[in-house]
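# Structural features, examined
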Amino acid sequence: MSRNTHSMHALFSRMILIALLAITIVEGIIHFTLFGEFDYTDLEDVSATVTLSDGTRESFPANALPPLDAGDSVDFVIRLPKNTANDYTAKSLAFYQYHSTITVTGYDGIPLFSFGQEEWQQGRTLGDDFVYFTLPARYYGNSITVHVEQKEAYGSSHITDFRLLNSENARLYPMIHNQLYFLLYGTIIILSIFPFVTS
């Protein structure tokens with residue numbers, strides 16, 4: 001092995017060690033400063049019924065759904081927790097869905113939220129959508145149904161985490177468990193813009 005090759009390997013090894021050390025330090029800072037931390041509730045009392053385009057229906061655990069194709073749909077029935085702490089802060093239900101129209105109804109049949117129907121009728125593509133909306137307090141302790149109808153694409157996963165958050169924090173849902181990625185991504189964006197600003 002030549003001297004140059006040996007020194008390149010040593011340099012590469014040092015760079016990897018420095019990167020790992022930097023990530024560990026950033027993770028420590030995130031942990032101790034509680035950066036990006038806020039209260040939320042994972043809603044785990046969720047059942048799902050899949051209806052295929054041929055009319056076949058089958059129930060699944062909400063975290064073990066089969067991939068769906070255009071024309072298939074899934075109904076998530078979510079049991080909301082009771083408001084035992086007398087917390088009257090406005091709460092939002094937040095989740096992701098893919099290539100689909102979405103309709104949410106309460107246990108009483110009243111529509112609470114809908115997304116995608118108008119866009120679909122206008123010929124717009126429905127992509128990966130982050131959805132959140134404020135829940136009326138009367139639904140705590142009761143069930144709501146999220147009806148998702150896949151309109152395009154094939155083999156899409158509809159597994160998602162349904163979470164209840166303070167409405168002011170609902171937009172931060174994507175940061176949950178992803179603070180390091182947000183910091184790294186933000187740093188890369190700032191560093192890539194910096195040369196243009198300083199020139």
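Here, the structure is the one placed above.
A brief look at the structure comes next. Given the structure is predicted, the values throughout are model-derived calculations rather than measurements.

Analysis parameters
- Residues numbered from 1 in each chain as written.
- Predicted model: local features only at pLDDT ≥ 70, side-chain atom pairs only at ≥ 80, totals over all residues.
- Heavy atoms only, no water.
- Helix = DSSP H or I, 4+ residues; strand = E, 2+ residues; numbered from the N terminus.
- Buried < 20%, exposed > 50% of the residue type's maximum accessible area, 1.4 Å probe, protein only.
- Areas by Shrake-Rupley, 256 points an atom, 1.4 Å probe, with all protein chains shown as cover.
- Pairing = 2+ DSSP bridges.
- Axes fitted to C-alpha atoms, helices over the stretch in contact; angles between N-to-C directions.
- Core = buried A, V, L, I, M, F, W, Y, C linked by side-chain atoms within 4.5 Å.
- Contact = heavy atoms within 4.5 Å.
- Polar contact = N/O pair within 3.5 Å; in protein donor to acceptor, adjacent residues only side chain to side chain.

### So, the overall build of the protein
Helix and strand counts for the protein come out as three helices and 10 strands. Here the protein holds 199 residues, and 31% of them are scored as buried. Put simply, the protein shows about 12700 Å² of open surface, and 59% of that area lies on carbon and sulfur atoms.

### Considering the sheet that holds strand E9 (residues 143-150)
An order of E3-E2-E4-E9-E6-E7 is seen for the six strands of this open sheet, with the pairing classed as antiparallel. Bordering the open sheet on either side are strand E3 (57-61) and strand E7 (111-115), each of which pairs with just one other strand. Going from strand to strand, the sheet's axes swing by 15 degrees on average, the running direction of each strand aside. Direction of pairing for strand E2 (residues 46-51) relative to strand E4 (residues 73-79): antiparallel, over a ladder of six bridges. Looking across to E4, one finds that Ser47 is bridged to Val77.

### Some words on the sheet that holds strand E1 (residues 40-42)
Spatially, the four strands line up as an open sheet ordered E1-E10-E5-E8, and their pairing is antiparallel. Of all the strands in the sheet, the pair left with one neighbour each is E1 and strand E8 (128-135). The sheet shows a mean angle of 25 degrees between the axes of neighbouring strands, direction not considered. Summarising the sheet, strand E5 (residues 91-98) and strand E10 (residues 163-166) pair through four bridges and their orientation is antiparallel. Its bridge partner lying in E10, Lys91 is registered against Asn166.

### A few points about the nonpolar core
In this structure, Phe76, Ile78, Leu93, Ile144, Val146 and Phe162 are the most contacted members of the largest nonpolar core, which totals 26 residues. Setting aside residues no more than four positions away along its own chain, Ile78 makes contact with Leu43, Asp45, Val46, Leu93, Asn142, Ser143, Ile144, Val146 and Phe162. Counting residues in each nonpolar core, the second largest holds five residues, with Phe38, Ala94, Leu165 and Ile176 among its members.

### With respect to the environment of Thr134
Among the structural elements, Thr134 can be located in strand E8. Taking the relative accessible area as the measure of exposure, Thr134 reaches 47% and is therefore partly exposed. Sequence separation of Thr134 and Ser167 is 33 residues, and the distance between their C-alpha atoms is 6.4 Å. Here Ser167 takes part through its side chain, which lies 3.4 Å from a polar atom of the side chain of Thr134.

### Some thoughts on the pairing of E9
Side chains Ile144, Val146, Val148 and Gln150 project from E9 onto a buried face, and the interleaved Ser143, Thr145, His147 and Glu149 project onto a face without burial. Across seven bridges, E4 lies against E9 in antiparallel orientation. By the bridge assignment for E9, Ile78 is matched with Ile144. Relative to E9, strand E6 (residues 100-106) runs antiparallel, the two sharing seven bridges. Paired with Ile102 across the strands is Val148, a residue of E9.

### Some thoughts on the pairing of E7
Where E6 and E7 come together, four bridges link them in antiparallel fashion. Across the sheet, residue Thr103 finds its bridge partner in E7, namely Ser114. In sequence, E6 turns back onto E7 through a hairpin of four residues, with Gly109 there showing a positive phi of about 85 degrees.

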